[in-house]
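# Notes for the structure review
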Amino acid sequence: MSQLVRLQDIQATHRDLIGDDYYDPTGKTAYGVDEDKIGKIEGALVEDTTGRIRYLIVDAGGWFSSKEVLVPAGLARIVGDDVFFDSLTKAQVEAMEAYDHDYQYSYKEQYENDRKAFIADTVPVAERMEIQDHAYNAPNTLELLEERLTVNKDRIVAGLVKVGKHVVTEERNIDVNLEEEHAHIERTNVDRPTDRRIGDVDGNQTIEVELEAERARVNKETYVAEEVSVGKTTESRTETIVETIQREELDIDRDGNVVDREGNLFDRDNITAEDVRRARGM
């Protein structure tokens, strides 16, 4: 009778059975019918004779305060980091026995328990279902990864503009028209008699004439000669960034055969775990 072993245990003790390319759903978010969040996947149970994942350990904390149950792996639909049980209802989970970490489960025993839980009297008639054998086949899922570039923009100080002023001294020449008076003496010969005598007091009479002239007086006045405004304009440019990225591509064995180290082929039908180990030279 085949036993069910926790995936985390078989990883440490029977890695030769499952190889290195197995699928581990632990930690993914679990959803039930109508995409109602159940909780998360706590692990998986693997059949010890084949290395196949038969059950997912589901923490139903979203529906119950604390309950872990075993859900047949074939009921799961895996999308990215989410696991969807499209037909799993709260009533069905309530009818299931809580998972016991210390109990040694057998495939056949749990197989029978499932058939009772999914048609239990506490499950509404519309939600009851007969579990088929394919419900225990884990979805064949291989995630292909690729890297994608994401570009963010940071604002940096690309330049600094300071505008100030200083005093410049220069000489300016200005032509000014100035006027000034000069004495002009005009003498005219006169021949007429007079009562005055030479030597009289008025004989030393003098005439004074003020001569005027214009003188330049320089004053300085301040005017606003120019106004300077400082602003910013934004220009767009395109910069090409070259970076190396990686992606995973799918390798397919068209015949679906296991090839040993000598190149011998093993048919995939009815293959056993012992055949796998032998083909891998283990």
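Calculation notes
- Residues numbered from 1 in each chain as written.
- Predicted model: local features only at pLDDT ≥ 70, side-chain atom pairs only at ≥ 80, totals over all residues.
- Heavy atoms only, no water.
- Helix = DSSP H or I, 4+ residues; strand = E, 2+ residues; numbered from the N terminus.
- Buried < 20%, exposed > 50% of the residue type's maximum accessible area, 1.4 Å probe, protein only.
- Areas by Shrake-Rupley, 256 points an atom, 1.4 Å probe, with all protein chains shown as cover.
- Salt bridge = Lys/Arg side-chain N within 4 Å of Asp/Glu carboxyl O.
- Patch = residues over 30% accessible without salt bridge, like charges linked within 9 Å, V, L, I, M, F, W, Y side chains within 5 Å.
- Lys, Arg positive; Asp, Glu negative; His and termini not counted.
- Charge placed at Lys NZ, Arg CZ, Asp CG, Glu CD.

### Things to note about the overall build of the protein chain
Each helix and strand counted, the protein chain has five helices and nine strands in total. Beginning at the N terminus, the succession of helices and strands in the protein chain can be written as β-α-α-β-β-β-β-β-β-α-α-β-β-α. A buried classification covers 26% of the 282 residues belonging to the protein chain. About 24000 Å² of surface is accessible on the protein chain, with carbon and sulfur atoms providing 45% of the total.

### A closer look at the pattern of salt bridges
According to the stated counting rule, one finds six salt bridges in the structure shown. For the salt bridge of Glu 47 with Arg 54, the shortest nitrogen-to-oxygen distance reads 2.8 Å. Here the two residues Glu 47 and Arg 54 agree in accessibility, since each one is buried.

### A closer look at unusual backbone geometry
A positive phi angle is found at Asp 34, which is not glycine, with a value near 60°. Take Asp 34: it is sitting in the loop between β2 (29-31) and β3 (37-47). In this structure Asp 34 comes out as exposed when scored by relative accessible area, which is 73%. Phi angles above zero are rare outside glycine, and Glu 35 is one such case at about 60°. Note on placement: Glu 35 falls in the loop between β2 and β3. Residue classification places Glu 35 among the exposed positions, given a relative accessible area of 52%.

### Re a negative patch on the surface
There is a patch of like negative charges on the surface, built from Glu 179, Glu 181, Glu 208, Glu 210, Glu 212 and Glu 214. Position of Glu 181 among the secondary structure elements: in the loop between α4 (107-117) and β8 (258-259).

By themselves, these figures tell us nothing about what the structure is for.
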